[in-house]
Amino acid sequence: MAQNILVLHGPNLNLLGTREPDVYGHQTLADINEHLQVVASASGAQCLAYQSNHEGELVDRIQASARDNTDYIIINAGAYTHTSVAIRDALAAVRIPFVEVHLSNVYQRETFRHHSYLSAIAKGVIVGLGAYGYEAALRFALAQ
Ligand code: DQA
């Protein structure tokens, strides 16, 4: 069972709750992170969350996860999903299994959101389930 799970949130996800709530829902990032911690704790695991609007900081945090006993990553890279070879390379380098999550169903949206640099190396991808997608990814990680 995964014991140490890192949840990474990319750019603009700090605005959840007020950002396009019709697309992303009304829960804040703090609400989501607190709920994930409760779910993880109930299984005796730990769930740490990190958000950054900066690509290099996300790369640095992924690299650090190779040295801090992280055994599963859940990542919503936001817009970097569609642009960042660097985040993909970092995830490939640390070799920690990860689930890619998107609150919205990106396939119902603009075509530039249909391609992800991360999906091909992810264990799985969850789109369109709103905040529950993070919980589903966490429960999956906890079962590994
Ligand atoms: C998102 C979808 C991305 O296309 C967008 O840039 C985001 C959020 C989602 O969770 O639905 O910032 O990753």
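Look up: the structure comes first, before these words.
Quick summary incoming for the structure in this document. (Residues numbered from 1 in each chain as written. Predicted model: local features only at pLDDT ≥ 70, side-chain atom pairs only at ≥ 80, totals over all residues. Heavy atoms only, no water.)

**Some words on helix H5 (residues 132–142)**
If you check which residues of H5 are buried, you get Gly-133, Tyr-134, Glu-135, Ala-137, Leu-138, Ala-141 and Leu-142. Buried-residue contacts for H5 involve strand E1 (4–9), helix H2 (29–42), strand E2 (46–51), strand E3 (72–76), strand E4 (98–102) and strand E5 (124–127). (Buried < 20%, exposed > 50% of the residue type's maximum accessible area, 1.4 Å probe, protein only. Helix = DSSP H or I, 4+ residues; strand = E, 2+ residues; numbered from the N terminus. Contact = heavy atoms within 4.5 Å.)

**Comments concerning the pattern of salt bridges**
In total, this model carries four salt bridges according to the counting rule given. For Glu-110, the salt bridge goes to Arg-109, with nearest N and O atoms at 4.0 Å. Taking the relative accessible area as the measure of exposure, Glu-110 reaches 36% and is therefore partly exposed. Residues Arg-113 and Glu-110 are paired through a salt bridge, measuring 2.7 Å at the closest nitrogen-oxygen approach. Through salt bridges that share partners, Arg-109, Glu-110 and Arg-113 make up one connected network. (Salt bridge = Lys/Arg side-chain N within 4 Å of Asp/Glu carboxyl O.)

**Topic: the packing of H2 against H5**
Put simply, H2 and H5 touch, their axes get as near as 10 Å, and they point 25° apart. Taken together, the axis directions place H2 and H5 in an arrangement best described as roughly parallel. Once H2 is placed against H5, the crossing between them reads as right-handed. Across from Ile-32, His-35, Leu-36, Val-39 and Ala-40 in H2, the residues of H5 making contact are Tyr-134, Glu-135, Leu-138, Arg-139 and Leu-142. Residue composition of the contact of H2 with H5, grouped by class: seven nonpolar, one polar and two charged. (Axes fitted to C-alpha atoms, helices over the stretch in contact; angles between N-to-C directions. Parallel < 35°, antiparallel > 145°, perpendicular 65-115°, else oblique. Left-handed = near helix turned anticlockwise from the far one by under 90°. Nonpolar A, V, L, I, M, F, W, Y, C, P; charged D, E, K, R; others polar.)

**A few points about the packing of aromatic side chains**
A complete count under the given rule lists one aromatic pair for this structure. Plain terms: the ring middles of Tyr-72 and Phe-140 are 6.3 Å apart, the flat faces sit at 80° to each other, and that makes the pair edge-to-face. Within this pair, whereas Tyr-72 is found in strand E3, its partner Phe-140 is found in helix H5, the two being separated by 68 residues in sequence. Among the residues examined, Tyr-72 registers a relative accessible area of 4% and is labelled buried. (Phe/Tyr/Trp six-rings, centres within 6.5 Å; stacked < 30°, edge-to-face > 60°.)

**What about the sheet that holds E3?**
Ordered by their spatial adjacency, five strands build an open sheet running E2-E1-E3-E4-E5, and the pairing between neighbours is parallel. A strand with exactly one partner marks an edge of an open sheet, and here the two such strands are E2 and E5. Each strand of the sheet is rotated relative to its neighbour by a mean of 20°, with strand direction disregarded. The pairing of E4 with E5 spans four bridges and is parallel. Looking at the pairing, His-102 lines up with Val-127 of E5. The strands that H2 touches are E1 and E2; relative to E2, the one it contacts most, it runs at about 160°. Here helix H3 (residues 55–65) sits on the sheet in contact with E1, E2 and E3, set at roughly 175° to E1. (Pairing = 2+ DSSP bridges.)

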